[in-house]
Structures are given as C-alpha cells and as structure tokens.
Amino acid sequence: MPVIGAYVFIECSDDPAQIVKKTLNIPGVKQSNALFGPIEAIAYVEGQDLTEVEQIVLKIHEIPGVKNTDTRICRLI
C-alpha cells in the first residue's frame, strides 16, 4: 500500500505545547513538536493517500488555538 507523508506547519493562537499534545491524539500524526518562531509547531503525518492526509490536516485545523496550517507533501524514500 502506498503511504503519503506530509509535514504540517502550524501557527498557533494558544500555547503550542498544548496544541502539540492534542495533535498527537489524532490517528495518522506520527510526530509533533513545538518550535520557536512564526511557525510555533510542526506535525509529521502519514496517510494511505492524499484524501486521508487531507482529513488528518482538517482534524488538526479543528483543534482550538490552531490559527493556520501550511502542509508540505513529501516523498518517502
């Protein structure tokens, strides 16, 4: 089965550490970390196809305190 990976850069309006903890509860989120700078958090997600990745990103958007996201699809080697 093909797997699609993506990095989701997250702008936060609330505590990034709390948002990171909540992202880790979403199936498909493999790793999530708080950052310093204009992008306060990053999550790495995997799905079976682009539709599944999109659904994971939409769930991240639903977390209170998530202001905006920017997603970068990556090729897994």
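Just above sits the structure.
First, a word on scope: everything that follows refers to the structure included in this document. (Residues numbered from 1 in each chain as written. Predicted model: local features only at pLDDT ≥ 70, side-chain atom pairs only at ≥ 80, totals over all residues. Heavy atoms only, no water.)

The next thing to look at is the sheet that holds strand β1 (residues 4–12). As summarised here, the arrangement of the 4 strands in space is β2-β3-β1-β4, forming an open sheet in which the pairing is antiparallel. The open sheet terminates on both sides in strands that have one partner only, identified here as β2 (29–34) and β4 (66–74). Strand-to-strand twist across the sheet, computed as the mean angle between neighbouring axes with direction ignored, equals 20°. On the sheet, helix α1 (residues 16–23) packs against β1, β2, β3 (41–47) and β4 and is oriented at approximately 175° with respect to β2. Contacts between helix α2 (residues 50–61) and the sheet are confined to β1, β2, β3 and β4, with β4 contributing the most and set at about 160° to the helix. (Pairing = 2+ DSSP bridges. Helix = DSSP H or I, 4+ residues; strand = E, 2+ residues; numbered from the N terminus. Axes fitted to C-alpha atoms, helices over the stretch in contact; angles between N-to-C directions. Contact = heavy atoms within 4.5 Å.)

It is worth spelling out the side chain of T23 at this point. The topology assignment puts T23 in helix α1. Under the relative-accessibility criterion, T23 is labelled buried at 0%. A distance of 2.8 Å separates a polar atom in the side chain of T23 from a polar atom in the side chain of S32. Every residue in contact with T23, bar those within four places of it in the chain, is listed here: I10, V29, S32, I60 and I63. (Buried < 20%, exposed > 50% of the residue type's maximum accessible area, 1.4 Å probe, protein only. Polar contact = N/O pair within 3.5 Å; in protein donor to acceptor, adjacent residues only side chain to side chain.)

Along its 12 residues, α2 runs 16 Å from first to last C-alpha, staying within 8% of the 16 Å computed at 1.5 Å per residue. Inspection of α2 places V53, I56, V57 and I60 among the buried residues, and these make up the whole buried set. Looking straight down α2, one finds that the buried residues subtend no more than 100° of arc, so they occupy a single side. In this structure, the buried residues of α2 make contact with β1, α1, β2, β3 and β4. Near the N-terminus of α2, the side chain that reaches the backbone nitrogen of T51, with its oxygen 3.2 Å away, is that of D49. (Expected span 1.5 Å × (residues − 1). Arc of directions from axis to C-beta.)

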